[in-house]
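# Fold and geometry: a report
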Amino acid sequence: MLGEDHSLINEFPEHQATIVKLSKADPNFADAAKQYNALDKEIRELELNGAPIDDEAMNQLKHDRAELKDALYIRLTQ
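A brief structural summary. (Residues numbered from 1 in each chain as written. Predicted model: local features only at pLDDT ≥ 70, side-chain atom pairs only at ≥ 80, totals over all residues. Heavy atoms only, no water.)

This part takes up the overall build of the protein chain. Scanning the protein chain from terminus to terminus reveals four helices and zero strands. Along the protein chain, from the amino end to the carboxyl end, the secondary structure elements read α-α-α-α. Dimensions of the protein chain, computed from the C-alpha atoms along their principal axes, are close to 35 × 20 × 15 Å. Expressed as a percentage of the 78 residues in the protein chain, the buried residues total 28%. Long-range contacts, defined as pairs at least 24 residues apart, comprise 67% of the intrachain contacts of the protein chain with a sequence gap of at least 6. Per element, the accessible surface of the protein chain, about 5300 Å² overall, is 51% carbon and sulfur. Side-chain charges of the protein chain comprise 9 positive and 16 negative groups, with the mean position of each set lying 9 Å from the other. (Helix = DSSP H or I, 4+ residues; strand = E, 2+ residues; numbered from the N terminus. Buried < 20%, exposed > 50% of the residue type's maximum accessible area, 1.4 Å probe, protein only. Contact = heavy atoms within 4.5 Å. Areas by Shrake-Rupley, 256 points an atom, 1.4 Å probe, with all protein chains shown as cover. Lys, Arg positive; Asp, Glu negative; His and termini not counted. Charge placed at Lys NZ, Arg CZ, Asp CG, Glu CD.)

Right, here's the structure in full:
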């Protein structure tokens, strides 16, 4: 679905307390979470604006978001 919110809290609501805790205590996690949420926002805005970039660029943004999401999930479940 276009424009869907994939923010970290929205993707992992069961880990909300851990996300908040790690965001305050771990600068590396906080930076990665901030980068993930910014990338998600960028993708969402592009989708809602008719994706004014080529498919390859959009796929790369989504790939980067997925890689960050996987890395953050690993940190959340350790």
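Structure's up, so let's keep going.
The next point concerns the side chain of Asp40. Following the sequence through the fold, Asp40 ends up in helix α3 (residues 27–48). A polar contact is formed between the side chain of Asp40 and the backbone nitrogen of His6, at a distance of 3.2 Å. Side-chain polar atoms of Asp40 contact the side chain of Arg44, separated by 2.4 Å. With residues near it in sequence (within four places) discarded, Asp40 still touches Glu4, Asp5, His6, Ser7 and Arg65. (Polar contact = N/O pair within 3.5 Å; in protein donor to acceptor, adjacent residues only side chain to side chain.)

This part covers helix α4 (residues 55–76). Compared with the 32 Å implied by 1.5 Å per residue over 22 residues, the 31 Å span of α4 between its first and last C-alpha is a close match. Of all the positions in α4, only Met58, Leu61, Arg65, Leu68, Leu72 and Leu76 are classed as buried. All buried residues of α4 lie within an arc of 95 degrees about the axis, which places them on one face of the element. Seen from the open side of α4, the exposed residues pointing more than 90 degrees away from its buried face are Asp55, Glu56, Asn59 and Asp70. Elements that come into contact with the buried residues of α4 comprise α1 (8–11), α2 (16–25) and α3. The opening residue of α4 is Asp54, an N-cap whose side-chain oxygen sits 3.3 Å from the backbone nitrogen of Glu56. (Expected span 1.5 Å × (residues − 1). Arc of directions from axis to C-beta.)

What follows is about the nonpolar core. In this structure, Leu8, Ile19, Phe29, Leu72 and Leu76 are the most contacted members of the largest nonpolar core, which totals 16 residues. When residues of this core are traced back to their parent elements, those giving at least two are α2, α3 and α4. Broken down by element, this core gets its largest block of residues, seven residues, from α3. When residues no more than four places from it in sequence are discounted, the contact partners of Ile19 are Leu8, Ile9, Phe12, Phe29 and Leu76. (Core = buried A, V, L, I, M, F, W, Y, C linked by side-chain atoms within 4.5 Å.)

Our next topic: the packing of aromatic side chains. Considering all chains together, one arrives at one aromatic pair under this definition. Each ring, one from Phe12 and one from Tyr73, has its centre 5.1 Å from the other, and the planes form 35 degrees; the classification is tilted. Of this pair, Phe12 sits in the loop between α1 and α2 while Tyr73 is found in helix α4, placing the two residues 61 residues apart along the sequence. (Phe/Tyr/Trp six-rings, centres within 6.5 Å; stacked < 30°, edge-to-face > 60°.)

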